[in-house]
Amino acid sequence: MSKALLIMAHGSRSETANDEFRALVERVSEAAHANGQEYAAVIPCFLELARPSLIEAIQQIEHQPVETVQLYPLFFNKGKHVGRDIPAQIEEARERFPDLDITLLDYFGNSEGLAELVLAHVGSQGE
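What counts, and where the lines are drawn
- Residues numbered from 1 in each chain as written.
- Predicted model: local features only at pLDDT ≥ 70, side-chain atom pairs only at ≥ 80, totals over all residues.
- Heavy atoms only, no water.
- Helix = DSSP H or I, 4+ residues; strand = E, 2+ residues; numbered from the N terminus.
- Rg over C-alpha atoms; globule rule 2.2 N^0.38 Å.
- Buried < 20%, exposed > 50% of the residue type's maximum accessible area, 1.4 Å probe, protein only.
- Contact = heavy atoms within 4.5 Å.
- Areas by Shrake-Rupley, 256 points an atom, 1.4 Å probe, with all protein chains shown as cover.
- Lys, Arg positive; Asp, Glu negative; His and termini not counted.
- Charge placed at Lys NZ, Arg CZ, Asp CG, Glu CD.
- Axes fitted to C-alpha atoms, helices over the stretch in contact; angles between N-to-C directions.
- Left-handed = near helix turned anticlockwise from the far one by under 90°.
- Core = buried A, V, L, I, M, F, W, Y, C linked by side-chain atoms within 4.5 Å.

**Side note on the overall build of the protein chain**
Reasoning step 1: Summing up its helical and strand segments, the protein chain has four helices and four strands in all.
Reasoning step 2: Along the protein chain, from the amino end to the carboxyl end, the secondary structure elements read β-α-β-α-β-α-β-α.
Reasoning step 3: The C-alpha atoms of the protein chain give a radius of gyration of 15 Å, which matches the 14 Å a tight globule of 127 residues would have.
Reasoning step 4: C-alpha atoms of the protein chain, sized along the principal axes, occupy 55 × 35 × 30 Å.
Reasoning step 5: When each of the 127 residues of the protein chain is scored for burial, the buried share is 35%.
Reasoning step 6: Once local pairs closer than 6 in sequence are excluded, the contacts in the protein chain between residues at least 24 apart make up 74%.
Reasoning step 7: Taken as a whole, the protein chain presents about 7,900 Å² of accessible surface, with 51% of it coming from carbon and sulfur.
Reasoning step 8: In the protein chain, the 10 positive side-chain charges and the 20 negative ones have mean positions that sit 7 Å from each other.

**Side note on the packing of helix 2 (residues 54-61) against helix 3 (residues 80-96)**
Reasoning step 1: Where helix 2 contacts helix 3, the axes come no closer than 10 Å and their chain directions differ by 35 degrees. Between helix 2 and helix 3 lies a crossing of right-handed hand. Residues Leu54, Ile55, Ile58 and Gln59 of helix 2 touch helix 3, and the partners they reach there are Gln89, Ile90, Glu92, Ala93 and Arg96.

**Points about the nonpolar core**
Reasoning step 1: Core analysis: the largest hydrophobic core is formed by 24 residues, its most contacted members being Leu6, Met8, Leu54, Ile58, Leu71 and Ile86.
Reasoning step 2: Elements supplying a minimum of two residues to this core: strand 1 (3-9), strand 2 (41-46), helix 2, strand 3 (68-73) and helix 3.
Reasoning step 3: The element contributing the most residues to this core is helix 2, with five residues.
Reasoning step 4: Dropping the residues within four chain positions of it, leucine 6 is found in contact with Ile43, Cys45, Leu54, Ala57, Ile58, Val69, Gln70, Leu71 and Tyr72.
Reasoning step 5: The next biggest cluster of nonpolar side chains, apart from the first, holds 11 residues, and it includes Ala9, Phe21, Val42 and Tyr72.

Next comes the structure, spelled out in structure tokens:
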């Protein structure tokens, strides 16, 4: 079974910010490949203000042998976007692509070890 990973950010009016996110997703893709986590594709997508949207990202892979799509929200908090808007987009995608198993993963801010990562990043910047 082949799967794709879509990583979602909010999106920005600043194309520089959107490009920074796209570069991060590319690094995630490279790290996944280096660690033996095989995805048919690792694609950035945006909730709003930038492209591709979730639907557009799925359209990029619809002719590949992908059966499962995992959506990972790179959001810190479970506000209205994580709690309501992203699940609504997932439901729309499931209706448009009924042959795909589309799974919403837990959002980034709920990750184990996040506090330690923040502290390590702060510590790496000196005093």
